[in-house]
Amino acid sequence: MRTSQYLLSTQKETPADAEVISHQLMIRAGMIRKLAAGLYTWLPSGLRVLNKIADVVRDEMNKAGAVEVLMPVVQPADLWEESGRWEEYGPELLRIKDRNQRDFVLGPTHEEVITALVRNEISSYKQLPLNLYQIQTKFRDEVRPRFGIMRGREFTMKDAYSFHMDEASLQETYDKMYQAYSNIFSRLGLDFRAVIADSGSIGGAVSHEFHVLADSGEDDIAFSTESNYAANVEMAEAVAPAKATPSGAPAEVIDKPSGISVENFLAKQDTALKVVLVKAQSEEDTADKWVALVLRQEHNLNDVKAEKLPQVESPLVVASDETAKEVFGCFPLFANPTNLNLDVVVDRSAAAAADFVCGAGENAKFIVNANWNGDIEVADIRDVVAGDPSPCGQGTLEIKRGIEVGHIFQLGDKYSKAMNCGVLSETGKHQILTMGCYGIGVSRIVAAAIEQNHDKNGIIWPEPIAPFTLALIPMNMHKSQRIKDAAEALYSTLTAQGINVLFDDRKERPGVMFNDMELIGVPHSIVVGERNLDNQQVEYKNRRTGETELLDLSQVAEFIAAL
RNA sequence: CGGUGAGUGGCGCAGUUUGGUAGCGCACUUGGUUUGGGUCCAAGGGGUCGCAGGUUCAAAUCCUGUCUCACCGACCA
């Protein structure tokens, strides 16, 4: 490709609304342009990278025995009513009507469509297992799109769905996908980890997420320092600590000390407990009922864990301060967890505490040396924190940020049952299928790769996804016929060799070319200049290491081929 | 949805407090100059100041409404 025939679109200035480095560099390098919140046009360089990633994904999926299909973006509402998600999914699902006022959705995912397809196409156990996938545009009307392509509303996703007669077969395909995903992210040159995950609204039991490690990530991941245990903080189990023994000192009600805020006072205590009021699960929508959750003062309530409690409403609703005041009869900070007239669930760490400080159920009063008496309901409802013992039994946990780029689920029969997707089994009986589903955020990988691979001059693409492999930079070509001849000759040779070359044939000063090529992150470059041409040489430069070396013109083809 | 902030040529911004008919840098065009790391000089083109209404002799500037965008939070692949 010649720059003169290409749309390079680099810019010097960092866009004002781009917060993270990948977003800034994607704009500056001319990869994407924003059309509206969460909606981006892919410019040629961006699209090249996107396609290269898709190629790797496709290749590994095919190798793992999956078969590619392509489903419509627009899906009829009937299917979503059948699965129950027309009601469940919420405002993230963009609903539209056609000219006949029939309801449709823009597909945020394709369980319904694939299940509808398979129930018609497959009728015998002999055709299973089957794993179908597509690489396609999804639409999710995100509450808050951000970080450019990282959390767009429209994005490219690889989604695969597998169908099985039994759990064992599902597990086999699940394991294959786990391996395929590991292969994909390795080939893409990413530093990633597979972590135990929550299956969220998609449903199902077993699930792993694949995270690219980066400080700008939106998820917290807990790792064991000693084993390869890794889990999303949403899921990481907080192990119950040993129960502390009460000292026998009598409980005592004290006034809140003056000259210190309640928060600071509590933070200074060795052991202080707090109460979080959340909405109770209820069938009727009469007056709201509430559940009190008790945690150690320094711990955060884990929403995902709380939602799994049978008595708690899902999605989680935390009471407003006003409501809490009414229910507790005092400011929430002074609620007394040991004496509440409603359902109480105590976090393991809080339950193990003894001689703790907590509210006295009355404004500006605390109890010191409080202890639990009688039966309390105990559950794991907090976020793990760095330093907690690892649930695997080895080492302690450390917490890092990650960008979720892949997620695999064992769905079970959630969709196949709701939509009656089954086949005739060996014994001639109709049997509902078991399903798995496997997603990769193809467009998000572009941003994730940049987060991990950049320097102050721009992007440093891992070789397999670089928009161009080599930049050919002739200096002052418009003034020197021999530079022009040498550059043109190299361009034809390298291109004929199958190398993806970007030939910068603009009439620009060398500095401009160097900066642009570094910004867009071309891994290798060849500089053709008068000085070296005197010795029949050109200069090679490596984008990542910055190392340069002189090459004889006659060696270039061989040298580049060997990279 | 709550909080904060912002909408002025393609991009980054000033001008708004104190109303007087729009400016700077980058980019773009032309000519010259320079040429191994974003040269320099000169001359140009491009904006009904997000939109609607109001106040005024006069509105980017003041008032009302509205839309959009970003960040934090809630929420979420």
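Fair warning: this is a prediction, and the values are worked out from it, not measured in the lab.

**Observations concerning the packing of helix 2 (residues 44–63) against helix 12 (residues 442–452)**
- Relative to each other, helix 2 and helix 12 sit at 115°, their axes nearing to 9 Å. Between helix 2 and helix 12, the interaxial angle falls into the category roughly perpendicular. Crossing handedness for the pair helix 2 and helix 12: right-handed. In contact with Val-49, Leu-50, Ile-53 and Ala-54 of helix 2, helix 12 contributes Val-442, Ser-443, Ile-445 and Val-446.

**Brief notes about the pattern of salt bridges**
- Evaluated as defined, the whole model comprises 33 salt bridges.
- Across the salt bridge formed by Glu-111 and Arg-85, the nearest N and O atoms sit 2.8 Å from each other. Of this pair, Glu-111 sits in helix 5 (residues 111–121) while Arg-85 is found in helix 4 (residues 85–88), placing the two residues 26 residues apart along the sequence.
- Its relative accessible area of 1% is what places Arg-85 among the buried residues.
- Its salt-bridge partner being Arg-151, residue Glu-218 comes within 3.2 Å of it at the nearest N-O pair. Here Glu-218, found in the loop between strand 10 (207–213) and strand 11 (219–224), pairs with Arg-151, found in the loop between strand 7 (130–139) and strand 8 (154–164); they are 67 residues apart in sequence, far enough to count as distant.
- Owing to a relative accessible area of 25%, Glu-218 belongs among the partly exposed residues under this scheme.
- Ionic contacts of the salt-bridge type, sharing partners, join the residues Asp-59, Glu-60, Lys-63 and Arg-187 into one network.

**Some points on the sheet that holds strand 6 (residues 103–106)**
- If you trace the 3 strands from one edge of the open sheet to the other, you get 4-6-5, paired in antiparallel fashion. Here the strands that pair on one side only, and so sit at the sheet edges, are strand 4 (74–76) and strand 5 (95–97). Direction aside, the axes of adjacent strands within the sheet are offset by 40° on average.
- Where strand 5 and strand 6 come together, 3 bridges link them in antiparallel fashion. Note on strand 6: the bridge partner recorded for Arg-95 is Val-105.

**Topic: the environment of Val-253**
- Note that Val-253 resides in strand 13 (residues 252–255).
- Taking the C-alpha atoms as reference points, Val-253 and Glu-404, separated by 151 residues in sequence, lie 48 Å from one another.

**Here's the deal with the sheet that holds strand 14 (residues 273–279)**
- In space, the 4 strands of this open sheet follow the order 14-15-16-19, with mixed pairing throughout. For this open sheet the edge positions go to strand 14 and strand 19 (377–379), each flanked by a neighbour on one side alone. Within the sheet, the average angular offset between the axes of one strand and its neighbour, ignoring direction, is 30°.
- With 7 bridges joining them, strand 14 and strand 15 (residues 290–296) adopt antiparallel strand pairing. Of the residues in strand 15, the one forming a bridge with Leu-277 is Ala-292.
- Most of the contacts of helix 9 (residues 321–328) go to strand 14, to which it runs at about 105°, and overall it touches strand 14 and strand 15.

Reading guide: rules and limits
- Within any chain, residue numbers begin from 1 and follow the written order of that chain's sequence.
- Written order decides the labels, with chains lettered from A and ligands numbered from 1.
- For a predicted model such as this one, the threshold for reporting local features is a pLDDT of at least 70, and the threshold for listing and counting side-chain atom pairs is 80 or more; totals across whole chains, interfaces and linings nevertheless cover every residue.
- Excluded from the side-chain calculation are hydrogens and water; included are all heavy atoms of the structure.
- Angles shown run from 0 to 180 degrees and are taken between the N-to-C directions of axes, each axis being a line fitted to C-alpha atoms and, for helices, limited to the stretch in contact.
- Only DSSP runs of H or I with at least four residues qualify as helices, and only runs of E with at least two residues qualify as strands; both kinds are numbered from the N terminus onward.
- The scheme is simple: roughly parallel for angles under 35 degrees, roughly antiparallel for over 145, roughly perpendicular for 65 to 115, oblique for anything else.
- Left-handed is the label given to a crossing in which the near helix is rotated counterclockwise from the far helix by less than a right angle, and right-handed is the label when the rotation is clockwise.
- Pairs of residues are marked as contacts when any of their non-hydrogen atoms sit within 4.5 Å.
- Put simply, a salt bridge is a Lys or Arg side-chain nitrogen that is within 4 Å of an Asp or Glu carboxyl oxygen.
- Each residue is placed in one exposure class: buried if its accessible area under a 1.4 Å probe, protein chains only, is under 20% of its type's maximum, exposed if it is over 50%, and partly exposed if it falls in between.
- A strand pair is defined by DSSP finding two or more bridges across the two strands.

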